[in-house]
Each structure stands twice: as structure tokens, then as C-alpha cells.
Amino acid sequence: MEPMTVGQLAAAVDGVWLNPREDVPAVTAVCTDSRKLVPGCLFLPWVGERFDGHDFIENALEEGAAGCLCAKVPPVLREDRFYIQVRDTRLAFRDLASAYRDQFALPIIQVTGSVGKTTTKEMIAAVLGAGRRVWKTPGNYNNDVGVPLTLLDLSREHQAAVVETGMNHAGEIDYLSAMVKPDIAVISNIGDAHIEYLGSREGILKAKCEIFRHLKPGGLAVLNGDDALLDTVDVPFRTIRCGKSGHCQTRIAEITDRGVEGIRCIVETEQDRYFLDIPAPGEHMAYAAAIAVTVGEALGLSREEIIRGVGSYTPAGSRMRVVRLSGRRILLDDCYNANPQSVAAALEILARTNCDKRVAVLGDMGELGDLVDRAHYNMGALAAMLGIDLVVAIGEKAALIADGAAQSGGSVLHFQTKEEALPELRRQLGNSTAMLVKASHAMGFGQLVDRLREEGNEL
């Protein structure tokens, strides 16, 4: 974060500096967690459903915060710290990030979508990083805390930024986009994630399209051109669709699947033809690459830079991360999150993996509303139809995954908990076995991957 004086902070959040004095040092960091303070930072007390950060103001100041925002003023103000009173700390955080973002003239790409937001963000950043100094959302800091923190970490050295924005309710993308104010808006697809809160895919589409309310005049919209709902989008901005369909301006012409080694594809634009080597498995990676090619061209990167950037892509976190163990064993760590579309894609990758045995470890998927029963059953049925040798279903909802697999002729085991399943997973992960591990983040399947890696002699 570039330095901001207390006066600038107060102006940005329309707040009142309660104890002004001379010689207060500028702030170069903002912290929302009193347990993770940076000395000299501004402490912003976040108010959640089960906690109120105002209760930790004194501790934060004692631990080294230079000052704080506060909607509830402490009864005693320390003379050696500053206090800025605001109406609402959440809205003040938004306003601060928005004002800070306005200091930078660099192009900002905002990414949203039901599936693959982080993958698309990482691919765009990899391409732009081949020719520019790029700042990107760390991990999946894509909510009303993560997005402002991402923006506040911009610095003068950056030449472009890629910001991921997520949602599960209407109005959230609008709220986040008001801070980001993108030059390029990207929607990766429209799926069933969060349908529990938005009612239908049409409701999800409407919520995702809030991104265009704050797209800058003359901005660019980049959309998945093979998504039927996104094909209905008509916005007053230059729009480029990416996909296999003939109407796409950026077209995926050919895909060669190399299993866990990744894919090769040809992407054709109105300007050029790109032969791309993507070091990550799954045909869906071609869409992320096509979108990144489009963004790269729009920002003036060379053909060589774009090709090199795609080739430098690495998965973020547990997103189809290939873990190789001794004895030709492979873990497909895709357990960061799960919805019907991403599980189907992961199962197809597993089915094409060249091993003697293929095991799918699948857990509960969240936020599916009325689709929950059918979606879980269908995932089990799909695994059986793809010829997966064994499905290990874990969790209460996953009982329907087991039913779907069994009734479709598949071999299946069901466990209520990860702890119950782990001994059997160890036994099933024999030589020349590929094991996919996937569930919604709340299931904590990363623990399974960690245990299997620890005991598997990772190469």
C-alpha cells in the first residue's frame, strides 16, 4: 500500500478524526484481523454475524496498530493512537479501497463466473505477467473483505491488475465492482453454484452481469461464447466471446488432450493464431487460455509474450493440482471447491488418466438448493458411466453420490466422515492408481490430500 496520511484516510471514508494532532506518520497497511497486525497499520474492526471487531480495538492498538476506524467509539481514546469515526466500518472499507484504487491509471481486469474464476484470473495474470508487472488477487480473496485488501495492495510499480470477485447473493458483484471499476470485465460461465440463494441460472446470470454497471466507458467485456446464457448478454460495450462456437471472435480451433500433462490447443483471434501448450489438465483450460489471449491482445502484448505467458501458468491452491507419488501413483487435488460443472470436468480428467486404476473421492457439494439431491446422484452416475473403477463418497449428501454410482453399475464405498474413510483411501491408493479428491471447501478434503501426500513419498 502506498502511504496515506490520516487526513487522507478520513477524507476517503467521510469520517471524523476524533483526536487530531501533529506529526502522525502515514499508514502503509490496513488490517481487519487483530491477530495478524502489521506494525503501524490502520485497524479496521470488521463486524460479522458472530463477532464484532470493535471488541478488539484496544488489543490491536496495544499490539502496534497506528490507529483505527470505528463506528462505536471507545470510551477512552489513547493519545498515541488515532481514531476515525465512521457510520459503518464495512462501507468505510469499500470507500477507502475505491478512493485508493482511483490513484492508479493502470488497466484493471475484473473476473467473475460460476466456475473457474480463480483459474481464469491466474491464467490472465500469467499472460500479462510475460510483459508487464502484474498484481493479482491473492488466493481467492474475492469477497467484501478480500477485494478491498487486494486493491489496497496496489503500488506504483504495478502496470496491470487482475481482480477476482465472487458472490452468492444478488447485489454483491455490484458492491465489489464499485470498488474495482474495471477496464475489462470477464465472465467465465454461468453454472449452478449459489443457485440456492439466487433461485435459477437466470438469477445467477443477472447477478453476474452486475459487473457491467461499473465497467469504465470504452471498456471491454470478455465472455464465454459457448455458454448459452452468456450468449443472451447484450451490453453497450465492445464484447468479445471466446469458445469453440463459430460466432466467437476468439475461437478455440483444436484441443489435444495429454492427460495429466496438460493440453495443447489452437486459439484464433481476429489478429493472430496461437499454438498454445497449457501445463494443466482438462479441456476447460482452453477457455481460460482463450480469455487470457483476448485480454493480452487488448492490452498490447506481443504474440511471443502471450504464448510464453500461457505456458507459464501454474494452478493456484487445490485446483486440479497434480501430485505425483512413488509407484506411479497420482493424486488429483481438486478439493478447493465443488459444484456439478466442476465435478463433471474433474471426473472426465480422471477418466482419461493413464493408470491401471482410477478412484474418485467425492464429497458433499453446497449451495445447490432444490438441485441438491439430483446433482449428487448424477455425479455418482456420471462417474460410473465414465468407467471410474471406484467411487468413494464421503458425507451426508454424498450418500446420493453412492446411490447414483451403484445404480449405474459402478463400484462404490460410502463413509460419513473423512476420518472413517482415510484408512480405506490409503489401501486403495496402490501402485499405478490415480485418485481424484474433490468436494466443497467446507468438507475440508485438503486434510485428506495432506495425509495421503505425507504417507505417499511425493516425488
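To start, this report covers the structure provided alongside it. As the structure is a prediction and not an experimental result, all values here were calculated from the model.

### Re the overall build of the chain
- Along its length, the chain carries 15 helices and 20 strands.
- In terms of overall size, the chain behaves like a compact globule, its C-alpha atoms giving a radius of gyration of 24 Å where 459 residues would be expected to give roughly 23 Å.
- Dimensions of the chain, computed from C-alpha atoms along their principal axes, come out at roughly 75 × 55 × 45 Å.
- Counting across all 459 residues of the chain, residues that qualify as buried make up 56%.
- A separation threshold of at least 6 residues defines the contact pool for the chain, and within that pool the share at least 24 residues apart is 63%.
- Surface summary for the chain: the accessible area is close to 19100 Å², and the carbon and sulfur share equals 47%.
- Each charge class in the chain can be summarised by its mean position, and for the 48 positive and 61 negative side chains these summaries are 3 Å apart.

### Details of the pattern of salt bridges
- Applying the stated rule across the entire model yields 26 salt bridges.
- Across the pair D33 and R35 runs a salt bridge, and its minimum N-O distance is 2.9 Å.
- Owing to a relative accessible area of 18%, D33 belongs among the buried residues under this scheme.
- For the salt bridge of E283 with K244, the shortest nitrogen-to-oxygen distance reads 3.7 Å. Of the two residues, E283 sits in the loop between β14 (273-278) and α9 (285-298) while K244 sits in the loop between β11 (238-243) and β12 (250-257), which places them 39 residues apart along the sequence.
- Each of E58, E62, R78, D80 and R81 takes part in one network of salt bridges that share partners.

### A few points about the side chain of H54
- Topologically, H54 is positioned in the loop between β3 (42-43) and α2 (57-62).
- At a separation of 2.9 Å, a polar atom in the side chain of H54 contacts the main-chain amide nitrogen of A71.
- If we ignore the near neighbours within four places in the chain, the residues touching H54 are P45, V47, C70, A71, K72 and T89.

### Considerations on the nonpolar core
- Grouped together as the largest cluster of nonpolar side chains are 39 residues, with contacts concentrated most on I109, M123, I124, L128, V186, I278 and V295.
- Looking at which element gives the most residues to this core, the answer is α9, with 10 residues.
- Filtering out sequence-adjacent residues up to four positions away, V186 remains in contact with I109, Q110, V111, T112, T120, I124, I211, V222, I291 and V295.

### A look at the packing of aromatic side chains
- One pass over the full model with this rule turns up two aromatic pairs.
- Just above the ring of F104 sits the side chain of R156; from NZ or CZ to the centre is 4.7 Å.
- Its end group placed over the ring of Y274, R303 keeps NZ or CZ at 5.9 Å from the ring centre.

### Some remarks on the pairing of strand β5 (residues 82-85)
- In the sheet, strand β1 (residues 16-17) pairs with β5 via two bridges, with the strands oriented antiparallel. Its bridge partner lying in β5, W17 is registered against I84.
- Where strand β4 (residues 67-70) and β5 come together, four bridges link them in parallel fashion. Within the sheet, the bridge partner assigned to G67 lies in β5 and is F82.

### Examining unusual backbone geometry
- Phi is positive for D23, which is not a glycine, with a value near 60°.
- Its location among the elements puts D23 in the loop between β1 and β2 (30-31).
- A relative accessible area of 75% places D23 in the exposed class.
- The phi dihedral of R328 falls on the positive side, at around 55°, and the residue is not glycine.
- Along the chain, R328 falls in the loop between β15 (321-325) and β16 (329-333).

### Topic: the sheet that holds β2
- Read across the sheet, five strands follow the order β1-β5-β4-β3-β2 without closing on themselves; strand pairing throughout is mixed. Both outer strands of the open sheet, β1 and β2, are each paired with one neighbouring strand and no more.

### Considering the sheet that holds strand β8 (residues 160-164)
- Across the sheet, which stays open at both edges, the nine strands sit in the order β7-β8-β6-β9-β10-β11-β12-β13-β14 with mixed pairing between neighbours. Looking along the sheet, the strands with just one partner apiece sit at the ends: β7 (134-136) and β14. Mean inter-strand twist for the sheet, computed between neighbouring axes without regard to direction, equals 20°.

### Comments concerning the packing of helix α4 (residues 117-129) against α9
- Packing of α4 against α9 brings their axes to within 8 Å, and their N-to-C directions diverge by 45°. Viewed along their axes, α4 and α9 adopt a mutual orientation that is oblique. Once α4 is placed against α9, the crossing between them reads as right-handed. Between α4 and α9, the contacting residues are T119, T120, M123, I124, V127 and L128 on the first element and M285, A288, A289, I291, A292, V295 and G296 on the second.
- Among the residues forming the contact of α4 with α9, the class breakdown is 10 nonpolar, three polar and no charged.

### Looking at the side chain of H376
- As for its placement among the helices and strands, H376 is situated in helix α12 (residues 372-385).
- Setting aside its immediate chain neighbours within four residues, H376 contacts G363, D364, M365, L368, K397, A398, L400 and I401.

### Thoughts on helix α11 (residues 340-351)
- Spanning 12 residues, α11 covers 16 Å between terminal C-alpha atoms, matching the ideal 16 Å at 1.5 Å per step.
- Across the 12 residues that make up α11, a large majority, nine, are buried.
- Within α11, burial applies to P340, S342, V343, A344, A346, L347, I349, L350 and A351.
- The elements touched by buried residues of α11 are β16, β17 (357-363), α12 and β20 (433-438).

Calculation notes
- Residues numbered from 1 in each chain as written.
- Predicted model: local features only at pLDDT ≥ 70, side-chain atom pairs only at ≥ 80, totals over all residues.
- Heavy atoms only, no water.
- Helix = DSSP H or I, 4+ residues; strand = E, 2+ residues; numbered from the N terminus.
- Rg over C-alpha atoms; globule rule 2.2 N^0.38 Å.
- Buried < 20%, exposed > 50% of the residue type's maximum accessible area, 1.4 Å probe, protein only.
- Contact = heavy atoms within 4.5 Å.
- Areas by Shrake-Rupley, 256 points an atom, 1.4 Å probe, with all protein chains shown as cover.
- Lys, Arg positive; Asp, Glu negative; His and termini not counted.
- Charge placed at Lys NZ, Arg CZ, Asp CG, Glu CD.
- Salt bridge = Lys/Arg side-chain N within 4 Å of Asp/Glu carboxyl O.
- Polar contact = N/O pair within 3.5 Å; in protein donor to acceptor, adjacent residues only side chain to side chain.
- Core = buried A, V, L, I, M, F, W, Y, C linked by side-chain atoms within 4.5 Å.
- Phe/Tyr/Trp six-rings, centres within 6.5 Å; stacked < 30°, edge-to-face > 60°.
- Lys NZ or Arg CZ within 6 Å of the ring centre and 35° of its normal.
- Pairing = 2+ DSSP bridges.
- Axes fitted to C-alpha atoms, helices over the stretch in contact; angles between N-to-C directions.
- Parallel < 35°, antiparallel > 145°, perpendicular 65-115°, else oblique.
- Left-handed = near helix turned anticlockwise from the far one by under 90°.
- Nonpolar A, V, L, I, M, F, W, Y, C, P; charged D, E, K, R; others polar.
- Expected span 1.5 Å × (residues − 1).

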